Amino acid sequence: MKRKLGLAALLAAFAALVLPAVASAATLPEVATGLEEKVGELNMTWVAVACVLVFLMQCGFMFLEIGFSRQKNAGTGVAKVLVNFAIVTLAWWAIGYGIAEGGGNNFFGDSGFFFHFDQTVAGEAVTGESAMLMLYGMAFCAVSLAIVWGTTLERIKFGAYVVYAAVFGAIIYPLVAHAVWGGGLLSDIGGKPVMDFAGSSVVHLTGAVGALAALLLLGARKGKYDANGNPRVIPGHSMPLVGLGVIILWIGWFGFNGGSTFETAGSFFGEVMLNTQLAAAAGVIGASIAVYLKSRSLDVGMAGNGAIAGLVGITAPSGYVEYWAAPIVGIVAGFLVVFAVLAIDKLLDDPVGALSAHGLAGIWGTLSVGLFASPRLIAEGAGPGVWYGIFGDQPLSNSLGQLGVQGLAVLFTFVVVFAISIVTFALIKATIGLRVSDEEEEAGLDISSHGMYGYPEQFIPQPEYSTGLPNTMGVPPVPAAAPAQMTATESLGGLDA
Amino acid sequence: MKKIEAFIRHEAFEPIRTELLEKGFPSLSIIEAKGSGRQKGIVEQYRGSTLTVNVRPKLKLEVVVEDKDKPLVVETILKHARTGEVGDGKIFVLPVEEAIRIRTGEGGEPVLQAHEEEETTA
């Protein structure tokens, strides 16, 4: 009896939900409003899924960078990602979001600071939807920051992370995001908006330029260049970890690009995600071919860099190009990253290839929108790609204009991010210092900055047995092995000694 | 007493160990060693650049035996470690002053003899 009643109640509730017009005397406008709400909620559900995928990319950066580091610098990578993630979160919540999305003028937003309920951001009341979008923006800011540290592995002082992460999350990234996505300077250049769908410039170039500024003041790792200035290889300790990082980033990218639709309308995110996959695949193939031609071996790390470059490249055009263009964007990025890594290596010590995979591929991706953007998909007021100007019936001048606008985005990002970053890093260098001492670098950041090893057994043999074992011989126990001091000389770095 | 130190290829170890055990020499040590000799180093490719590693991984096998057993052990090592190619390694024989079994504290050549009951499980 009870069950029957319950069933009847359920049916009634179902009818009230699904058939509001029948169940109650709802008017048509009321139904329309209800549907609109549901659509909004469905959109945010997709953004929530995408947001989690983008947060997962932190894990990707962590593994990628640890794999490209030596064993003595494995643990520090974990601490770095966690601490940066935490600081950038608070900085974005307190200040960054307001500057990026808070309306305001051409240069920065002026509302939404210390994001809270009962607040008006850019003229609109804060809702659950604003919170979701704010969190999604935070995930992007955190990705951008994670890119910065790729060039600084194995020698930077931990304190530098703390200071720069706060400045980056509060000011640097938000300024660029505001210019392109927050209704700022680059959202309307003579009527044309910069088309950067998910952030080849805003996120990836920004991170890479920060990385360049850090690297210029930090210098190369000890032993990276010989007496004649020729680069030497310092191999990372784990290609499996690099591979894990690459694939996690790759998967996260579906949230990065796909979620940037911000809606589920027409399942357009499917198009974006397919473009993303095509470009990533082409990136792997492009880089593999390029590195094989160069060195006659299929380099594991380079294949991974190719995937990342393809993904960075397609980030800006993913929502603006047809499927045929995506592999072109990816394969060019893949070729670019191999030759860029080798060229940059002659001058600058970039252990993971962040300048190439995120910087140059980011520039290429931003410009490629101006080459391949489809008239079907372009933003309002924007010009289609040059391709359609030459091989299609679109006016070429309009297309070239858009390409110029894309170039301006690159220039703006570079100038703004580089200027603030180099000043910030210079201040860090002048105060708390940017680089660890020679001894600390030789010993590794794990033991010198964190007081522990990422892989303890390699350095301290069975520490748990060093004291307290019963001794059957009745002689005094052997004194415990002295804890390994910072004398670990790197076996490869010591080759030339 | 003699200590026999042999730098050998990794793949030579298992046949040597098996035969030494059969012949009554279960006690031995191996150490992962890196060294250089007439065999050249390894040229690695990493991110499109070449990296020359001037030492190669080898195993260092250490056995301490009574003087009379030295030829037998050396022959066993030679038999299995020799491929005829550069890089087969070298054997060094050193005099040993003393040997002490830690568990019992006993010294001298008996220490080098395996116990009957341990021969099969060593």
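Residues numbered from 1 in each chain as written. Chains lettered and ligands numbered in written order. Predicted model: local features only at pLDDT ≥ 70, side-chain atom pairs only at ≥ 80, totals over all residues.

1. Quick look at the overall build of chain B
When you go through chain B residue by residue, the secondary structure sums to 2 helices and 6 strands. The secondary structure elements of chain B, listed N-terminal to C-terminal, are β-α-β-β-β-β-α-β. Taken over the C-alpha trace, chain B has a radius of gyration of 17 Å; the compact-globule value for 122 residues is 14 Å, which it surpasses by more than 25%. With the C-alpha coordinates of chain B rotated into their principal frame, the extents come out at 60 × 30 × 30 Å. Looking at chain B as a whole, 16% of its 122 residues qualify as buried. Nonlocal contacts in chain B, meaning residues at least 24 apart in sequence, comprise 71% of its contacts between residues at least 6 apart. (Helix = DSSP H or I, 4+ residues; strand = E, 2+ residues; numbered from the N terminus. Rg over C-alpha atoms; globule rule 2.2 N^0.38 Å. Buried ≥ 20, exposed ≤ 12 C-beta atoms within 10 Å, placed from the backbone. Contact = placed C-beta atoms within 7 Å.)

2. Some points on the packing of helix α4 (residues 75-101) of chain A against helix α5 (residues 128-148) of chain A
All names here are of chain A. Across the interface, α4 lies against α5 with an axial gap of 9 Å and an inter-helix angle of 125 degrees. Relative to α5, the element α4 lies oblique. Between α4 and α5 lies a crossing of right-handed hand. Contacts between α4 and α5 pair V81, N84, F85, V88, T89, W92, G96, Y97, A100 and E101 from the former with M134, G137, M138, C141, A142, L145 and A146 from the latter. (Axes fitted to C-alpha atoms, helices over the stretch in contact; angles between N-to-C directions. Parallel < 35°, antiparallel > 145°, perpendicular 65-115°, else oblique. Left-handed = near helix turned anticlockwise from the far one by under 90°.)

3. Examining the nonpolar core
The biggest cluster of nonpolar side chains holds 145 residues, and the ones touching the most others in it are A:L336 and A:V337. With near-sequence residues (within four places) excluded, A:L336 lies in contact with A:A309, A:L360, A:A361 and A:W364. Of all hydrophobic cores here, the second largest spans 14 residues; its members include B:F25, B:V64, B:I77 and B:A81. (Core = buried A, V, L, I, M, F, W, Y, C linked by C-beta atoms within 7 Å.)

4. What to know about the interface of chain A and chain B
With 15 residues of chain A at the contact, the number on the chain B side is 7 residues. Of all elements in the fold, only α9 (268-295), α10 (300-315) and α11 (325-345) of chain A reach the threshold of two or more residues within the side of chain A that touches chain B. The greatest single-element share of the side of chain A that touches chain B, amounting to 4 residues, is contributed by α11(A). Within the side of chain A that touches chain B, the residues separate by chemical class into 9 nonpolar, 3 polar and 3 charged. (Nonpolar A, V, L, I, M, F, W, Y, C, P; charged D, E, K, R; others polar.)

5. A closer look at the environment of A:H116
Mapped onto the fold, A:H116 is located in the loop between α4 and β1 (120-121). Put simply, A:H116 and A:Y320 are 204 residues apart on the chain and 34 Å apart in space, counted from C-alpha to C-alpha.

6. Comments concerning the confidence of the model for chain A
The predicted model of chain A averages 90 in pLDDT, with 87% of residues at 70 or higher. When the criterion is pLDDT under 50, residues 468-497 of chain A qualifies, and its contacts beyond four places in sequence or with other chains add up to 24 contacts. (pLDDT = per-residue confidence, 0-100.)

7. Observations regarding the pairing of strand β1 (residues 2-8) of chain B
Relative to strand β5 (residues 56-65) of chain B, β1(B) is paired through 7 bridges, and the arrangement is antiparallel. Its bridge partner being in β5(B), B:K3 is matched across the sheet by B:V64. (Pairing = 2+ DSSP bridges.)

8. Quick word on α10(A)
If you check α10(A), its first and last C-alpha atoms are 23 Å apart, about what 16 residues at 1.5 Å a residue would give, namely 22 Å. The buried fraction of α10(A) amounts to 16 of the 16 residues, a majority that puts the element mostly inside the structure. (Expected span 1.5 Å × (residues − 1).)

9. Thoughts on the environment of A:V121
Residues and elements named next belong to chain A. In this structure, V121 sits in strand β1. Judged by the 22 C-beta atoms lying within 10 Å of it, V121 is buried. The sequence separation of V121 and E380 amounts to 259 residues, and the corresponding C-alpha distance is 24 Å. Those residues in contact with V121 that sit more than four places away from it in its chain are E101, G102, S111, G112, V126 and S130.

10. As for the confidence of the model for chain B
Residues and elements named next belong to chain B. Summarising the model, chain B shows a mean pLDDT of 89, and 93% of its residues fall at 70 or more. Predicted confidence for residues 118-122 stays below pLDDT 50, and this span has 7 contacts to residues more than four positions away or in other chains. Confidence estimates for the predicted assembly give a pTM of 0.84 and an ipTM of 0.71.

11. Looking at the sheet that holds β5(B)
Residue and element names in this part refer to chain B. On the basis of which strands lie adjacent, the open sheet formed by 4 strands has the order β2-β5-β1-β6 and antiparallel pairing. Looking at the sheet topology across the chains shown, the edges are occupied by β2 (29-35) and β6 (90-95). Within the sheet, the average angular offset between the axes of one strand and its neighbour, ignoring direction, is 25 degrees. Of the strands in this sheet, β1, β5 and β6 are in contact with helix α2 (residues 70-81), which crosses β1 at around 5 degrees.

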